[in-house]
Amino acid sequence: MIQDLHAHTYYSFDSRDKIETVIETAILGGIGLLGISDHSYGVGCGRTDVCYGKGPSLDADYGSALVRYYDHVKTSAERYRSRIKVLCGLEIATRLSKDAYVLPASADVSFFDYCLIEDLDNADSIMKGDIFSFAKRCGCPAGIAHTDLFGFLARRGEEPNRYFRRLAEANIFWEINVNFDSLHSFRAHGYAAEFFQNKKQQEIVRNSGVKLSVGFDSHIAREYKAERVKTANKLIRDMGVRLAFDGI
Ligand SMILES: [Zn+2]
């Protein structure tokens, strides 16, 4: 089953796509498992401090906004269940310089099917380089979003074999982001291309038992490129590495 665990809807502000549009686009593209993963700061416009120029929301109850988003995705997913499996995730912002965006400490995200955590490699992140504690705090399966993990480890002087084994033990997966759209100026992620070329990196990941995910990171459904997702799924499986939700 082809997986894509990274897609945005209008809950994210930087996408205008309805949940249904994103799901139908994935079905047309031959995706079997789709994860919708809207930005934690966008969901429901539920936080008075983060509303992208729309003014304060009347609903300051962020917890309820998260639940409403989850319920909406799940209700939509149910309608398409004979054609595609849809998971509800959340892409979590962690950068302090944008502290209004950071996931509030009190927010419960444990009921999500998974989360994608951003900016592990940014010195400005509240994680301070520690994905393990933050993933535990999230309480749901966690993945590292669009991060050059080998570059991050090299800068920190961490031994990659040991680090990837720790990730596997903590059940934290690593996203290979294959985005290519106008929102991101048609810039592909260099770390993903490098990983598909680099046999040594592949061997480290394979030996560690860590799982990967593939994400197109769609923000504009009409620019979705299912072929990039399919190719990445195939390359990962061919190298003997498992994908995050294989077998569900
Ligand atoms: Zn994203």
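Presented here is a report on the structure given in the accompanying data block.

Analysis parameters
- Within any chain, residue numbers begin from 1 and follow the written order of that chain's sequence.
- At least 70 in pLDDT is required for a residue's local features to be given in this predicted model, at least 80 for side-chain atom pairs to be given and counted, and no such filter applies to totals for whole chains, interfaces and linings, which use all residues.
- With hydrogens and water excluded, all non-hydrogen atoms of the structure serve as input to the side-chain values.
- The helix and strand labels rest on DSSP assignments: H or I over at least four residues marks a helix, E over at least two residues marks a strand, and numbering proceeds from the N terminus.
- Here the radius of gyration uses the C-alpha set of atoms, whereas the globule reference equals 2.2 Å times the residue count to the power 0.38.
- The classification of residues rests on relative accessible area computed with a 1.4 Å probe and restricted to protein chains. Under 20% of the type maximum is buried, over 50% is exposed, and intermediate values are partly exposed.
- In this analysis, two residues are considered to be in contact whenever any of their non-hydrogen atoms come within 4.5 Å of each other.
- Note on areas: these come from Shrake-Rupley sampling with a 1.4 Å probe, and a residue is covered only by the protein chains present in the view.
- Only four residue types enter the charge count, namely Lys and Arg as positive and Asp and Glu as negative; His and the chain termini do not.
- For charged residues, the charge sits on one atom: NZ in Lys, CZ in Arg, CG in Asp, CD in Glu.
- Salt bridges are defined as contacts in which a side-chain nitrogen from Lys or Arg sits within 4 Å of a carboxyl oxygen from Asp or Glu.
- Residue types Ala, Val, Leu, Ile, Met, Phe, Trp, Tyr and Cys, when buried and joined through side-chain atoms within 4.5 Å, form a set referred to as a nonpolar core.
- For two strands to count as paired, DSSP must find a minimum of two bridges between them.
- Counted as donors are N, O and S atoms no farther than 2.8 Å from the metal, or 3.2 Å for Na, K and Ca; water is not among the atoms, and sites may therefore look incomplete.
- Angle rules define the geometry names used: all angles between 85 and 135 degrees makes four donors tetrahedral, while opposite donors over 155 degrees apart and all other angles between 65 and 115 make four donors square planar and six octahedral, leaving every other case irregular.

Re the overall build of the protein chain
In step 1: When you go through the protein chain residue by residue, the secondary structure sums to eight helices and seven strands.
In step 2: What you see for the protein chain is a C-alpha radius of gyration of 17 Å, in line with the 18 Å of a compact globule of 248 residues.
In step 3: With respect to the three principal axes, the spread of C-alpha positions in the protein chain is 50 × 40 × 35 Å.
In step 4: Every one of the 248 residues in the protein chain was classed for burial, and the buried ones make up 54%.
In step 5: Of the contacts formed within the protein chain by residues at least 6 apart in sequence, a portion of 75% connects residues at least 24 apart.
In step 6: Summed over its atoms, the accessible surface of the protein chain is roughly 11,100 Å², and 49% of this surface lies on carbon and sulfur atoms.
In step 7: Computing the positive centroid from 32 side-chain charges and the negative centroid from 33, the protein chain places the two 3 Å apart.

So, the pattern of salt bridges
In step 1: Following the criterion strictly, the structure yields eight salt bridges and no others.
In step 2: For the salt bridge of Lys74 with Asp113, the shortest nitrogen-to-oxygen distance reads 2.7 Å. With a gap of 39 residues between them, Lys74 in helix H2 (residues 62–79) and Asp113 in the loop between strand E3 (85–92) and strand E4 (114–117) connect regions that are remote in the sequence.
In step 3: What makes Lys74 partly exposed here is its relative accessible area of 25%.
In step 4: Taking relative accessible area as the criterion, Asp113 reaches 18% and is therefore assigned buried.
In step 5: With a closest N to O distance of 3.6 Å, Arg95 and Asp124 form a salt bridge. Linking Arg95 in the loop between E3 and E4 with Asp124 in the loop between E4 and helix H3 (131–138), this pair joins segments that are 29 residues apart in sequence.

Regarding the nonpolar core
In step 1: Membership of the largest hydrophobic core comes to 66 residues, with the highest contact counts inside it found for Ile131, Phe164, Leu167, Trp174 and Leu212.
In step 2: The element contributing the most residues to this core is H2, with six residues.
In step 3: In terms of nonpolar packing, the next biggest core, distinct from the first, is built from nine residues, Leu33, Leu87, Tyr114 and Phe245 among them.

Some points on the pairing of strand E6 (residues 172–177)
In step 1: Counted residue by residue, E6 has six buried out of six residues, so it is predominantly covered.
In step 2: Of the two faces of E6, the one carrying Ile172, Trp174 and Ile176 and the one carrying Phe173, Glu175 and Asn177 are both buried.
In step 3: One ladder, built from three bridges, connects strand E5 (residues 142–144) with E6; its direction is parallel. Across the sheet, Ala142 pairs through a bridge with Ile172, a residue of E6.
In step 4: Note that E6 and strand E7 (residues 212–215) share four bridges and pair parallel. Of the residues in E7, the one forming a bridge with Ile176 is Val214.

Comments concerning the coordination of the zinc ion
In step 1: Coordination sphere of the zinc ion, protein contribution only: His6 (NE2), His8 (NE2), Glu91 (OE) and Asp217 (OD), at 2.1 to 2.3 Å.
In step 2: Of note is the zinc ion, whose four donor atoms meet at the metal with angles of 77 to 167 degrees in an arrangement that counts as irregular.
In step 3: One chain supplies every donor to the zinc ion, and in sequence these donors are spaced H-x1-H-x82-E-x125-D. Of this pair, Glu91 sits in strand E3 while Asp217 sits in the loop between E7 and helix H8 (226–238), and the two are 126 residues apart along the sequence. Take Glu91 and Asp217: they sit in the same class, and that class is buried.

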